[in-house]
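Descriptive structure summary
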Amino acid sequence: MLSESNGCRGYRVSRRGFVGAAAGTFLGMNIRSLVARAGEDRKATAEHVILFWNGGGMSHIDTFDPKPGRDVQGDLEPIKTSVAGIQISEIFPELAKQMKHIALIRSIAGTNGDHGRATYQLQTSYGQSSNLQHPGVGSVVVSERKTLGDLPAYVTVGGLAPKAGYLGQSCEAYFVGRPGEKDPYLAFPSAIGDVRGSKRLDILKRINEKQAGTLPTTETAGTQTALNDAVRLMRSPALEAFEVRKEKPEVLERYGDSEFGRSALLARRLVEKGVRFVQVNRGGFDVHSNAFPAMRDHGEVMDPALAALIEDLAQSGLLKKTMIVMLSEFGRTPKINLTTGRDHWPSVFSCMFAGGGVKGGQVIGSSDEDGMKPKDRPVKVSHLHASICSALGIDHEKEVMTPLQRPMKLVDNGKRIDELFS
Amino acid sequence: MKGLLFSIPLALATLAFLASPALSAPPTIDPGVTAKKVDALLSQENSAAPKTLDAEVVSDLAFLRRLTLDLSGRIPSETEIQKYLAAPADSRRAKAIAEFMGNDQFADRWAVFFGDLLRVRYNADGGAAFQAFVHEAIRTNTPYDVLTRRLIAASGRANTQAETGFVLNDEADAMALTGVVSQVFMGVRISCAQCHNHPFDTWTREQFYQLAAFFGKTQRVEHRVKMQILGIFLNERTETTILWPPEDKAQGKPRTVVKAKFPFELDETDGPNKHLARIKELRDFQTAEAKARAAKAGTSVDDLIEGGGKVTNKGDLSDVTEEANAARRKIDLQGDLYRASELRRQLAEFVTDPRNRSYSRSMVNRVWAELMGRGFVNQVDDFRNDNPPSHPKTLDFLADEFVASGFDFRFLVESIVRTSTYQRGHLPGTIAAPERLAAEKAFTALPTRRMNGEALFDSIVVAGHLFKPKHPPGSNMTTVLSYTQVAVAVKEDLSKPGSKPKAGDTAMPAPPKVVAGAYDLERGIEVDFKKALKKNDGLEVDQMTAKSAEELEAEMMMKSGRMPAGTRVRYITKELKTIVDDNPQFASSMRMASPAPTGHFLRVFGQTDRATLDERRDHNPSMRQALMMLNGKLTNEAARVGSLEPVYKLISGAKADVDAAIKFVYRETMTREPTADEVADAKAILKEAATPVDGLADLRWALLNSNEFRFIP
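Worth saying up front: this structure is predicted, and the values here are computed from it rather than measured.

This part takes up the overall build of chain B. For chain B, the helix and strand inventory stands at 31 helices and 9 strands. Within chain B, the fraction of its 713 residues that count as buried is 57%. Long-range pairs, those at least 24 residues apart, make up 75% of the contacts in chain B with a sequence separation of at least 6. With the model as given, the accessible surface of chain B reaches about 29,600 Å², and the carbon-plus-sulfur share is 55%.

Residues and elements named next belong to chain A. Strands sit in the order β8-β7-β9-β2-β10-β13-β5-β14 across an open sheet of 8 strands; the sheet is mixed. Among the strands making up the open sheet, the edge pair consists of β8 (174-176) and β14 (362-364). In this sheet, neighbouring strand axes are inclined to one another by 20° on average, regardless of whether the strands run parallel or antiparallel. Taken together, the 3 bridges between strand β7 (residues 154-157) and β8 define a ladder with parallel strand orientation.

As a further point, take the pattern of salt bridges. Residue and element names in this part refer to chain A. Across all of its chains, the model carries 77 salt bridges over all chains by this definition. Put simply, Asp370 and Arg70 hold a salt bridge, and the shortest N to O gap is 2.7 Å. On the criterion of sequence distance, the pair formed by Asp370 in the loop between β15 (366-367) and β16 (374-376) and Arg70 in the loop between β2 (48-54) and β3 (78-80) is long-range, its members being 300 residues apart. Take Arg70: its relative accessible area is 34%, and that puts it in the partly exposed class. Taken together, the salt bridges that share partners define one network made up of Glu247, Arg254, Arg268, Arg269, Glu272, Glu311 and Asp312.

A word on the interface of chain A and chain B. At the junction of the two partners, chain A supplies 86 residues and chain B supplies 97 residues. Carbon and sulfur atoms make up 56% of the area that chain A and chain B hide from each other, which totals about 7,700 Å². For Arg206(A), the salt bridge goes to Asp681(B), with nearest N and O atoms at 3.4 Å. Along the contact surface separating chain A from chain B lie 15 residue pairs in polar contact (both at pLDDT 80 or more). In terms of residue count, the dominant contributor to the side of chain A that touches chain B is helix α6 (residues 217-235) of chain A (12 residues). Looking at side-chain class alone, the side of chain A that touches chain B contains 39 nonpolar, 26 polar and 21 charged residues.

This part covers unusual backbone geometry. Residue and element names in this part refer to chain B. The omega torsion across Trp244 and Pro245 is 0°, close enough to zero to call that bond cis. Secondary-structure assignment places Pro245 in the loop between β4 (243-244) and α12 (247-250). Asn378 connects to Gln379 through a cis peptide bond whose omega is -5°. The residue Gln379 is located in the loop between α16 (357-372) and α17 (392-404) in this model. Residue Glu171 is not a glycine yet carries a positive backbone phi of 50°. Among the secondary structure elements, Glu171 is positioned in the loop between α9 (165-168) and α10 (174-186).

Turning next to the packing of aromatic side chains. For any pair of aromatic rings, the description consists of the separation of the ring centres together with the inter-plane angle of the planes. Residues and elements named next belong to chain B. On inspection of all chains with the given rule, the structure shows 30 aromatic pairs over all chains. Each ring, one from Phe113 and one from Phe114, has its centre 5.4 Å from the other, and the planes form 85°; the classification is edge-to-face. Exposure class is identical for Phe113 and Phe114. Each is buried. The structure contains a cluster of three or more aromatic residues connected by ring pairs, namely Phe106, Trp110, Phe113, Phe114, Tyr144, Tyr359, Phe402, Phe407 and Phe409.

As a further point, take the nonpolar core. Ranked by internal contacts, the top residues of the largest apolar core, which has 117 residues, are Phe52(A), Ile324(A), Phe601(B) and Leu699(B). Counting residues per element, this core draws most heavily on helix α9 (residues 291-316) of chain A, at 10 residues. If we ignore the near neighbours within four places in the chain, the residues touching Leu699(B) are Ile207(A), Ile662(B), Val665(B), Tyr666(B), Ala682(B) and Ile685(B). Ala96(B), Val134(B), Val181(B) and Leu412(B) belong to the second largest nonpolar core, which has 98 residues in total.

Criteria and cut-off values
- In this numbering scheme, every chain counts its residues from 1 along its sequence in written order.
- Whichever chain is written first becomes A and whichever ligand is written first becomes 1, with later ones labelled in order.
- Local features in this predicted model are restricted to residues of pLDDT 70 or higher, and side-chain atom pairs are both shown and tallied only at a pLDDT of 80 or more, whereas totals for entire chains, interfaces and linings draw on every residue.
- Water and hydrogen atoms play no part in the side-chain values, which are based on all heavy atoms of the structure.
- Segments assigned H or I by DSSP are reported as helices when at least four residues long, segments assigned E as strands when at least two residues long, and all are numbered from the N terminus.
- Burial classes follow relative accessibility: with a 1.4 Å probe on protein chains only, a residue under 20% of its type's maximum area counts as buried, one over 50% as exposed, and anything between as partly exposed.
- By definition in these notes, contact holds between two residues if any of their heavy atoms fall within 4.5 Å.
- Each accessible area value is a Shrake-Rupley result obtained with a 1.4 Å probe; residue values ignore everything except the protein chains displayed when judging cover.
- DSSP calls a pair of strands paired once it identifies at least 2 bridges connecting them.
- Fitted lines through C-alpha atoms serve as axes, helices being fitted only where they are in contact, and the angles separating the N-to-C directions of these axes extend from 0 to 180 degrees.
- The salt bridge criterion pairs a side-chain nitrogen of Lys or Arg with a carboxyl oxygen of Asp or Glu, the two atoms within 4 Å.
- What gets called buried area is simply the loss in accessible area from a 1.4 Å probe that two parts show on being joined, summed for both.
- Polar contact criterion, stated in full: a pair of N or O atoms within 3.5 Å, where within protein one must be able to donate a hydrogen and the other to accept it, and residues adjacent in sequence count only if both atoms are side-chain atoms.
- Here the term charged refers only to Asp, Glu, Lys and Arg, the term nonpolar to Ala, Val, Leu, Ile, Met, Phe, Trp, Tyr, Cys and Pro, and the term polar to all other amino acids, Gly among them.
- Between rings of Phe, Tyr and Trp, where Trp is taken as its six-membered ring, a pair exists when centres lie within 6.5 Å; planes separated by under 30 degrees are stacked, by over 60 edge-to-face, and by other angles tilted.
- Think of a nonpolar core as a cluster: buried Ala, Val, Leu, Ile, Met, Phe, Trp, Tyr and Cys residues, connected wherever their side-chain atoms sit within 4.5 Å.

What follows is the structure in structure tokens.
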């Protein structure tokens with residue numbers, strides 16, 4: 001049974017809250033006064049999210065939106081999936097077998113063809129601004145939902161997650177460089193060891209107690225909470241989740257002997273221990289030249305991992321409450337360029353959803369015959385975010401106050417994509 | 001004519017008008033006198049309100065710790081403590097102020113403050129040079145108005161004209177820069193008025209557009225050859241982009257060019273202490289002095305520019321010749337590539353005009369808040385009518401003196417640290433929050449402040465003697481695992497789609513960044529500021545085209561992973577095992593490339609990535625901070641006792657003196673003597689440990705992790 005503790009805001013120094021409430025503003029602090037909003041919170045269909053972030057702009061035609069028979073199709077053939085009438089690219093043979101769990105959106109209407117700006121928007125729902133740092137969707141989720149278990153609520157693997165912006169640094173993701181790599185910060189250095197380390201903690205406790213009274217408890221309480229949480233994490237059996245290599249060889253093999261495979265496996269293990277939001281980062285999709293061999297390589301790496309993850313979660317029942325999302329900042333030009341590559345194409349692109357209440361075996365929206373523009377059901381980027389929040393029972397229109405006292409919605413005017421859910 | 005204009009192109013005109021007699025001595029201003037008046041004004045303004053609780057004056061050693069942290073960004077060393085205590089009790093504080101004001105680390109510490117303020121980003125266009133430029137400006141005490149003018153009016157090439165970093169930071173976007181200039185330099189958040197009239201203030205959308213018009217012709221130019229960016233320039237177009245009405249209101253109707261207009265009031269009346277007359281006198285003196293110097297050196301009057309003129313070191317920002325030459329180069333050689341901006345020059349004059357009270361008040365308020373833990377106006381960049389300053393007379397007095405000093409930044413800092421207000425302590429934790437807040441608002445007690453990340457980092461390094469190796473060579477041999485990306489050319493075989501990649505999933509067309517290993521989150525790249533500022537000749541433009549088109553093409557192909565003969569570059573990850581002498585040594589965090597990478601110690605302890613205007617240091621504790629302090633290399637190596645550090649002789653060998661060692665460690669980490677109780681406790685810790693050396697390390701580790709260490713006394 002997982003214990004519930006505070007969400008990521010547990011460290012907030014209460015005195016600052018007090019000062020903020022009294023004075024309206026306070027130097028440099030994240031005061032969050034919530035503006036109540038009418039409207040009911042939907043019941044959560046998901047408790048966890050695994051977000052695969054494919055950096056660089058993943059070709060929609062070469063993955064989830066093939067255009068058989070058209071010049072734009074290129075070298076990769078479409079294949080049938082386990083759901084009649086739905087075809088995806090040949091680079092995903094195993095994933096195709098899991099189609100009954102998967103919903104594809106083929107009509108995302110992006111607005112930005114620049115990597116930085118588009119990434120910002122796809123990850124935060126907001127346009128980039130020099131005045132304001134908007135939080136990533138993972139930070140939004142962990143700011144609104146309670147932390148489960150001992151592990152950090154939000155973990156990013158193999159790359160950086162977007163910042164938490166005005167939600168404050170405690171809503172930022174816990175960074176894991178490589179799956180399976182032991183985080184040296186989660187244990188006393190080997191030269192010290194547990195016994196001496198624990199002794200040190202006792203000494204620290206005594207010293208802090210002696211100093212008590214000279215500092216306001218409102219200032220020291222947050223530090224103490226942080227310290228307690230750190231020690232709890234260091235001693236938690238849940239840490240075992242990070243040790244991917246403890247899985248049986250055949251399991252490792254199913255996910256693929258790749259960093260991405262181990263990342264997907266780690267994501268599963270983390271979700272099993274209660275982690276709310278896992279972001280798995282992978283780049284290399286910016287294929288301006290020689291796109292097709294590169295996409296085959298991507299398929300080889302991604303296909304077994306994604307398929308095994310969906311299969312395992314479905315088998316354990318966790319897929320019911322774990323939403324899997326795969327996003328990229330934009331698609332790629334349908335027209336193949338002179339170096340057999342594809343360039344940036346934000347006008348229409350695709351993404352994948354599975355689990356957490358998502359109705360599988362369907363395609364939402366479509367692009368036109370050459371994958372140039374949305375044909376029907378254009379989906380705004382913020383609708384994706386609204387849908388993720390909604391699945392977690394989060395009111396995406398709720399407003400929070402920024403440090404500059406500007407009310408901001410959790411998601412930038414998005415609408416839940418109703419047909420995504422069963 | 002406006003009273004005080006001294007920018008480069010105007011120098012000539014100004015000189016023609018001013019037939020001022022050469023003065024024999026510069027007008028002087030004494031921070032000690034200013035500090036006393038500030039104290040008097042504060043208590044005068046407080047007397048009108050209900051009496052608040054008074055905190056006691058901090059002890060001598062607590063004062064030293066506070067002062068060292070504020071002026072040098074770290075705790076004092078044992079040597080500094082002993083020197084301080086050796087001075088007569090009635091003058092040691094003043095002496096310490098004088099010493100630390102003149103210390104080199106003053107520039108390091110305040111470069112952190114300016115780095116946040118100006119959002120200095122090492123990785124931005126010309127960021128490295130910009131970081132070095134800002135550091136150098138503080139080191140040479142460039143007057144704040146001179147610095148501001150250079151930042152706003154800059155044109156030229158990123159890196160070469162280091163100050164272009166400020167405008168290029170926001171991609172030279174007019175709307176963004178409008179918000180930046182008003183918020184950074186005037187403490188006013190006008191950016192809300194970009195889209196609508198300001199909700200809680202008087203700013204209108206039209207005023208925003210008028211201010212934006214100063215940036216209407218500002219342009220960021222990328223000089224490209226074959227898709228490769230060879231240089232970033234800050235240029236001035238001939239046409240403006242700022243049109244009225246705004247696009248959303250115009251709805252297809254014709255829009256007209258907005259005339260630039262500075263929306264902030266210029267206060268013509270001189271203050272009670274005649275600050276406008278005094279700065280004029282000072283600047284007249286400086287101009288006359290510069291003229292005399294130029295005459296003596298035989299340089300032409302063209303070479304005259306504004307600014308201090310006190311120091312004439314080569315490389316000095318206020319060096320007359322260099323800047324004038326740079327200005328000439330701009331016109332003659334590179335006129336086509338980047339034109340100087342007349343509009344931004346005008347704006348720079350308006351912003352820094354001594355009559356613009358918003359400008360001087362804003363800086364004074366920021367520095368006051370930095371040193372006292374609270375501003376007269378809070379948040380520091382939110383000046384507006386319904387958020388008035390707590391002590392308007394004190395704020396204005398200090399702002400006027402800052403103007404009269406010629407915007408002398410060190411004068412401002414010294415005036416504040418020499419007040420008796422700065423020597424106030426905190427109220428004990430037992431006092432109820434409302435009373436404590438009332439006292440802190442009145443500055444009869446100061447709020448508790450946490451060290452910022454940089455100060456915490458450097459203080460641990462100082463306490464643990466980690467600036468230099470403290471272990472003998474060869475005593476820390478360790479095997480280190482590292483991962484590196486190696487490029488391998490592979491034949492493409494299109495007949496076999498889906499052939500297994502040889503090494504994991506690393507066969508991507510771009511070399512993935514190598515993820516920082518183990519303890520890299522506490523390391524940093526130290527910036528060689530001198531090198532970053534080394535100016536290339538004006539002819540550098542030619543060198544940019546030195547690479548042939550073929551070479552560029554080849555480079556591009558390498559980058560895209562496509563090689564000519566049907567081969568591709570694959571990157572495979574290699575694990576490397578190396579045995580190294582891991583004798584720990586850390587550089588000052590204040591000289592690192594900033595902001596540090598995400599996840600780095602500094603970032604975990606609140607350093608922002610300085611991307612947007614609303615980012616400010618989050619001083620809330622976090623679990624990640626705790627993990628870093630408990631288990632990080634920095635704290636653990638700082639705690640470990642090395643045989644080359646002074647305390648070693650006290651804890652080991654024939655002359656060991658445990659009491660003395662404990663006291664020594666307390667002084668080095670906490671800047672105070674331990675109580676008898678603490679000594680007894682520490683002795684027990686030493687006895688329990690495997691060896692006294694280990695015990696002392698345990699004690700030091702706990703002290704570094706304690707609350708007392710983190711908070712500025």
